[in-house]
Amino acid sequence: MTEKLSGEVLDSVKRNYEEITETLLRAAGSPDKVTLLAATKTVEPAVINYAISLGLRHIGENRVQELLSKYDDYDLAHCDLQFIGHLQTNKVRQIIGKVSMIQSVDSVKLAKEIHAQSQKQGLITDILLEVNIGREENKSGVLTEQLDELLETVSAMPHLRVRGLMTIPPLCVESGQNRKFFEKMYQLFIDISGKTLDNVSMDYLSMGMSDDYEEAVKCGANMVRIGSRLFGRRIYR
């Protein structure tokens, strides 16, 4: 696999990685304040592993089938693997124990299945609750007014541990248009952080992707999910 990689591809990934880390440092003020997670959908393991060799420590896949097909080739000795896409309940059992965190929990039904499969394996699975902050009908995520109920229900599941929130805001044409959504998410994050709930710790606010991650960090994100800005524009199948 590695021999098929051109120097141009490697140089591009290296240049992009350095640019992203510099931007995060500028936006956050400290490299320790933001977790960079690379969204690796359609990216070959050899390219992912090259990014890991540069210092990348967190990767995330969107599709269960793709994750499983690439799993044995990831350099997981030096990197953490998470699931960041929409997850169907009938596929939960395939990734429990393989990922350190599931970022896209948006219903009690899904949470119950993750809990059941984690219990079977004697594990506690870290999750983020996904919020549909833009109230878009075609997107997954719990609505803001339903978040507290979901949070309280999930907090009673001992084989789950809520580590924070995630969101994918509406697609905006102009730079800065997502600020209002990021600010709403940050306020939710702060409000929940002030509550005392079992199995809940607001460690991560995962928001911001390739086109808006700097703005997200300025609005309070401490985890960003970046794909095309690191690996280049991809053709999705």
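Computed from a prediction, not measured in an experiment: that's the story for all the values here.

Trainee: With reference to specific residues and values, describe the overall build of the protein.
Mentor: Along the backbone of the protein there are 8 helices and 8 strands. Radius of gyration (C-alpha) of the protein: 17 Å, near the 18 Å computed for a compact globule of 237 residues. Counting only C-alpha atoms, the protein reaches 50 × 40 × 35 Å along its principal axes. In the protein, the share of contacts with a sequence separation of at least 24, taken over all contacts with a separation of at least 6, comes to 59%. Split by element, the accessible area of the protein, about 11,900 Å² in all, is 46% carbon and sulfur. One way to put it: in the protein the 29 positive side-chain charges average out to a point 3 Å from where the 33 negative ones average out.

Trainee: Can you explain the side chain of Ser210? Please cite residues and give values.
Mentor: Along the chain, the position of Ser210 falls in the loop between strand 7 (200-206) and helix 7 (213-218). Residue class for Ser210 comes out buried when judged on its relative accessible area of 7%. For Ser210, the side chain forms a polar contact with the main-chain nitrogen of Gly227, separated by 3.2 Å. Contacts of Ser210, omitting those with residues within four sequence positions, involve Arg225, Ile226, Gly227, Ser228 and Arg229.

Trainee: Give me the lowdown on helix 4 (residues 108-120), citing residues and values where you can.
Mentor: Helical periodicity: at 3.6 residues per turn, an α-helix aligns residues three or four positions apart in one direction. The end-to-end C-alpha separation of helix 4 is 18 Å, in line with the 18 Å expected for 13 residues at 1.5 Å each. Listed as buried for helix 4 are Leu110, Ala111, Ile114, His115, Gln117 and Ser118. Residues of helix 4 that are buried sit in contact with strand 4 (101-105), strand 5 (125-131), helix 5 (144-155) and strand 6 (160-167). Within two residues after helix 4, Gly122 carries a phi angle of roughly 70°, on the positive side.

Trainee: Please give an account of the nonpolar core that cites residues and values.
Mentor: Ranked by size, the top nonpolar core spans 66 residues in total, and within it Leu87, Ile102, Ile114, Ile127, Leu129 and Leu165 carry the most contacts. Apart from the residues within four sequence positions on either side, Ile114 is in contact with Leu87, Val92, Ile96, Ile102, Val105, Thr125, Ile127 and Leu160.

Trainee: Quick one: what's the story with helix 2 (residues 45-54), residue by residue and with numbers?
Mentor: Residues of helix 2 that are buried include every one of Pro45, Ala46, Val47, Ile48, Ala51 and Ile52, and no others. Looking at the buried side of helix 2, the elements it contacts are helix 1 (7-28), strand 2 (58-61), helix 3 (64-70) and helix 8 (228-231). Once helix 2 finishes, Gly55 follows within two positions and takes phi at roughly 130°, a positive value.

Trainee: Can you explain the side chain of Asn16? Please cite residues and give values.
Mentor: Of note, Asn16 is situated in helix 1. Under the relative-accessibility criterion, Asn16 is labelled buried at 15%. Among residues more than four places away in sequence, those in contact with Asn16 are Arg229 and Leu230.

Trainee: Got a sec to walk through unusual backbone geometry? Specific residues and values, please.
Mentor: For Arg135, which is not a glycine, the phi torsion comes out positive at approximately 55°. Tracing the chain through its elements places Arg135 in the loop between strand 5 and helix 5. Its identity is not glycine, yet Asn199 carries a phi of approximately 60°, on the positive side. By secondary structure assignment, the location of Asn199 is in the loop between helix 6 (179-193) and strand 7. In this structure Asn199 comes out as partly exposed when scored by relative accessible area, which is 32%.

Calculation rules
- Residues numbered from 1 in each chain as written.
- Predicted model: local features only at pLDDT ≥ 70, side-chain atom pairs only at ≥ 80, totals over all residues.
- Heavy atoms only, no water.
- Helix = DSSP H or I, 4+ residues; strand = E, 2+ residues; numbered from the N terminus.
- Rg over C-alpha atoms; globule rule 2.2 N^0.38 Å.
- Contact = heavy atoms within 4.5 Å.
- Areas by Shrake-Rupley, 256 points an atom, 1.4 Å probe, with all protein chains shown as cover.
- Lys, Arg positive; Asp, Glu negative; His and termini not counted.
- Charge placed at Lys NZ, Arg CZ, Asp CG, Glu CD.
- Buried < 20%, exposed > 50% of the residue type's maximum accessible area, 1.4 Å probe, protein only.
- Polar contact = N/O pair within 3.5 Å; in protein donor to acceptor, adjacent residues only side chain to side chain.
- Expected span 1.5 Å × (residues − 1).
- Core = buried A, V, L, I, M, F, W, Y, C linked by side-chain atoms within 4.5 Å.

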